[in-house]
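Structural description and commentary
The lines below spell out each chain.
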Amino acid sequence: MNKLFSLILITVLIILPSSVFAQKGSFAEIKQLQSPQNPRLGFIIHGGAGVITKGSLSPEKEAEYKKKLEEAVLAGYKALQAGKSGLDAVEIAIRMLEDSPLFNAGKGAVFTNDGKNELDASIMNGKTLAAGAVAGLHRVKNPITLARAVMEKSPHVMMIADGAERFAEEQKIELVDPKYFFTQERWDALQEILKQEKEEKEKKEAKKNVGKVSQTDLRELPYNKFGTVGAVALDKDGNLAAGTSTGGMTNKKFGRVGDAPIIGAGTYANNDGCAVSATGWGEYFIRLGVARDISAMMEYRALPVQQAADMTMNKVKTLGGDGGVIAMDKFGNIGISFNSEGMYRAYIDMNGKPVVEIYK
Ligand code: ASP
């Protein structure tokens with residue numbers, strides 16, 4: 001009997017620890033992270049979430065998106081490998097996506113209801129919780145760089161519109177003519193939405209159902225919600241960083257600001273939790289404080305990053321919103337979650353190779 005008991009005890013002692021070590025974010029990984037010879041690096045980017053179904057992109061367009069995403073994810077990762085900080089990697093990759101007309105940020109920004117391009121961005125340092133954000137820009141070529149300047153060179157966290165652009169001038173950050181942001185495709189998308197909105201209004205008026213457009217009514221409008229860009233990084237010092245940049249939503253009105261420049265909604269980074277960048281229907285992400293919510297679940301409840309991201313995205317879905325997030329914890333574990341048809345995304349896998357995905 002005694003022998004049997006010892007046998008069971010030995011078996012339990014052998015099996016239990018090995019199954020614990022086999023989990024993601026295990027002690028083995030902590031050891032690896034602490035070794036300066038073999039630091040774990042991590043990098044994920046996104047290029048927006050939305051109605052991107054298989055077959056909705058031409059093979060040429062799909063290849064163009066994949067190429068740019070791969071270029072950007074590799075550029076950020078190489079910066080990390082060269083010893084640069086997570087903030088550098090985030091800024092480098094986001095600038096590349098901002099300069100591409102493919103994404104709804106910088107050069108490819110969507111149009112507001114009154115035919116302007118109005119840009120927002122934010123960035124956060126997971127070690128110090130320093131953050132910088134900008135909103136309502138018309139002339140800043142790379143909003144992410146201005147957001148970083150707000151974080152590092154001003155006593156503030158958020159600057160908007162003309163004031164933010166005056167600060168950009170002071171900081172010698174590149175300004176462009178607002179015409180730089182014009183792209184035919186985004187202009188046509190606005191015209192299409194305006195047309196549909198007009199038809200919708202006429203239908204409602206016919207039903208004598210005129211009135212304020214409520215949150216629920218907004219859902220029926222054909223908003224074009226994809227193309228925002230973002231990145232999260234884990235650098236050689238074990239520090240997390242996150243950043244997001246967007247043109248917002250096509251047809252947005254009267255100084256509307258979405259979640260992308262709101263710290264805790266579209267962007268968040270905390271070494272004790274995770275780094276997050278979001279994309280999707282901003283109003284819902286603001287109301288749920290999505291990025292902070294994911295990190296908080298890890299900080300308070302020690303949830304794995306994928307589970308935390310899924311739980312928060314479920315809340316977005318329940319409330320009626322759509323979109324997605326990329327997230328990373330201090331061990332380099334990846335969390336990618338979205339409830340839209342697709343999300344442009346790319347990350348570096350365990351072997352240091354880029355993985356680019358678009359659909360579910
Ligand atoms: N979240 C952005 C916004 O609401 C839009 C997007 O990600 O597509 O401004």
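What counts, and where the lines are drawn
Residues numbered from 1 in each chain as written. Predicted model: local features only at pLDDT ≥ 70, side-chain atom pairs only at ≥ 80, totals over all residues. Heavy atoms only, no water. Axes fitted to C-alpha atoms, helices over the stretch in contact; angles between N-to-C directions. Helix = DSSP H or I, 4+ residues; strand = E, 2+ residues; numbered from the N terminus. Parallel < 35°, antiparallel > 145°, perpendicular 65-115°, else oblique. Contact = heavy atoms within 4.5 Å. Patch = residues over 30% accessible without salt bridge, like charges linked within 9 Å, V, L, I, M, F, W, Y side chains within 5 Å. Areas by Shrake-Rupley, 256 points an atom, 1.4 Å probe, with all protein chains shown as cover. Salt bridge = Lys/Arg side-chain N within 4 Å of Asp/Glu carboxyl O. Lys, Arg positive; Asp, Glu negative; His and termini not counted. Charge placed at Lys NZ, Arg CZ, Asp CG, Glu CD. Buried < 20%, exposed > 50% of the residue type's maximum accessible area, 1.4 Å probe, protein only. Pairing = 2+ DSSP bridges. Right-handed = clockwise from strand over helix to strand, strands pointing away. Near = heavy atom within 4 Å. Polar contact = N/O pair within 3.5 Å; in protein donor to acceptor, adjacent residues only side chain to side chain. Phe/Tyr/Trp six-rings, centres within 6.5 Å; stacked < 30°, edge-to-face > 60°. Lys NZ or Arg CZ within 6 Å of the ring centre and 35° of its normal. Arc of directions from axis to C-beta. pLDDT = per-residue confidence, 0-100. Nonpolar A, V, L, I, M, F, W, Y, C, P; charged D, E, K, R; others polar.

Describing the packing of helix 5 (residues 143-153) against helix 6 (residues 161-170)
For any two helices packed against each other, the geometry is given by the interaxial angle and the distance between the axes. Relative to each other, helix 5 and helix 6 sit at 80°, their axes nearing to 10 Å. Classified by the angle between their axes, helix 5 and helix 6 sit roughly perpendicular to one another. Judged by residue contacts, Leu 146, Ala 149, Val 150 and Lys 153 of helix 5 engage Ala 164, Phe 167 and Ala 168 from helix 6.

Thoughts on a negative patch on the surface
On the surface, a cluster of negative charge is contributed by Glu 192, Glu 199, Glu 202 and Glu 205. Within the secondary structure layout, Glu 205 lies in helix 7 (residues 184-206).

With respect to the pattern of salt bridges
Inspection of every chain in the model, using the stated rule, returns 16 salt bridges. Among the salt bridges present, the one from Glu 71 reaches Lys 68, with a minimum N-O distance of 3.2 Å. Of this pair, Glu 71 and Lys 68 both sit in helix 3 (residues 59-81), separated by three residues, roughly a single helical turn. With a closest N to O distance of 3.6 Å, Lys 141 and Asp 99 form a salt bridge. Of the two residues, Lys 141 sits in the loop between strand 3 (131-137) and helix 5 while Asp 99 sits in the loop between helix 4 (86-98) and strand 2 (119-125), which places them 42 residues apart along the sequence. Judged by its relative accessible area of 15%, Lys 141 falls in the buried class. Taken together, the salt bridges that share partners define one network made up of Asp 88, Glu 91, Arg 148 and Glu 152.

Examining the pairing of strand 3
With seven of its seven residues buried, strand 3 lies for the most part within the structure. Examined bridge by bridge, strand 2 and strand 3 share five bridges and lie antiparallel to one another. Looking at strand 3, one finds that Met 124 is bridged to Ala 131. Once strand 2 ends, the chain turns through five residues before running back antiparallel as strand 3, passing Leu 129 with a positive phi of about 65°. Sheet topology places strand 3 next to strand 4 (residues 158-160); three bridges connect them, and they run parallel. By the bridge assignment for strand 4, Ala 133 is matched with Met 158. Where the polypeptide runs from strand 3 across helix 5 and back to strand 4, its parallel neighbour, the crossover connection is left-handed.

A word on the site of the ligand
Residues in close proximity to the ligand total eleven residues, the closest being Thr 228, Arg 256, Asp 259, Thr 279 and Gly 280. The side chain of Arg 256 places a nitrogen or oxygen atom 2.8 Å from an oxygen atom of the ligand. Between the ligand and Gly 280, the relevant distance is 2.7 Å, taken from a nitrogen atom to a main-chain nitrogen or oxygen of the residue. Protein chains shield 100% of the accessible area of the ligand, which is 270 Å² for the free molecule.

Considerations on the packing of aromatic side chains
All chains considered together, the criterion is met by eight aromatic pairs. Across the ring face of Tyr 180, the terminal group of Lys 107 is positioned such that the distance to the ring centre comes to 5.0 Å.

Section: unusual backbone geometry
The backbone of Asn 251 shows a phi angle near 75°, a positive value even though the residue is not glycine. Relative to the assigned elements, Asn 251 resides in the loop between strand 6 (240-246) and strand 7 (267-269). Backbone geometry at Ala 302 places phi at a positive 55°, although glycine is not the residue there. By the secondary structure assignment, Ala 302 is in the loop between helix 10 (290-301) and helix 11 (305-319). On the basis of relative accessibility, which here comes to 63%, the residue Ala 302 falls in the exposed class.

Quick notes on a nonpolar patch on the surface
A contiguous nonpolar patch, built from Val 157, Met 158, Ile 160 and Val 257 and spanning about 320 Å² of accessible area, is present on the exposed surface. With respect to the element layout, Val 157 can be found in the loop between helix 5 and strand 4. Take Val 157: its relative accessible area is 43%, and that puts it in the partly exposed class.

What to know about the pairing of strand 12 (residues 354-359)
As judged from the five bridges shared by strand 11 (residues 342-348) and strand 12, these two strands associate in the antiparallel manner. Following the sheet pairing, Gly 342 is matched in strand 12 by Tyr 359. The hairpin turn running from strand 11 into strand 12, its antiparallel successor, is five residues long, and Gly 352 in that turn takes a positive phi close to 80°.

Description of helix 6
Owing to its 3.6 residues per turn, the α-helix brings residues three or four apart onto one side. Considered for burial, the residues of helix 6 that qualify are Ala 164, Glu 165, Phe 167 and Ala 168. Seen end-on, helix 6 carries its buried residues on one side only, within an arc spanning 155°. For helix 6, the exposed residues lying more than 90 degrees away from the buried face are Asp 162, Arg 166 and Glu 170. At its buried positions, helix 6 is contacted by strand 3, helix 5 and strand 4. Immediately beyond the C-terminal end of helix 6, within one or two residues, lies Lys 172, with a positive phi of roughly 55°.

A few points about the confidence of the model for the chain
Summary statistics for the chain give a mean pLDDT of 89 and a share of 84% for residues scoring 70 or more. A low-confidence stretch, residues 16-38 (pLDDT under 50), is modelled with 21 contacts involving residues beyond four sequence positions or located in other chains.

Thoughts on the packing of helix 4 against helix 5
Contact geometry for helix 4 and helix 5: axes closest at 8 Å, N-to-C directions at 150°. Comparing their axes, helix 5 and helix 4 come out roughly antiparallel. Touching Leu 87, Asp 88, Glu 91, Ile 94, Arg 95 and Glu 98 of helix 4 are Pro 143, Ile 144, Thr 145, Arg 148, Met 151 and Glu 152, all from helix 5. Residues belonging to the contact of helix 4 with helix 5 are distributed by class as follows: five nonpolar, one polar and six charged.

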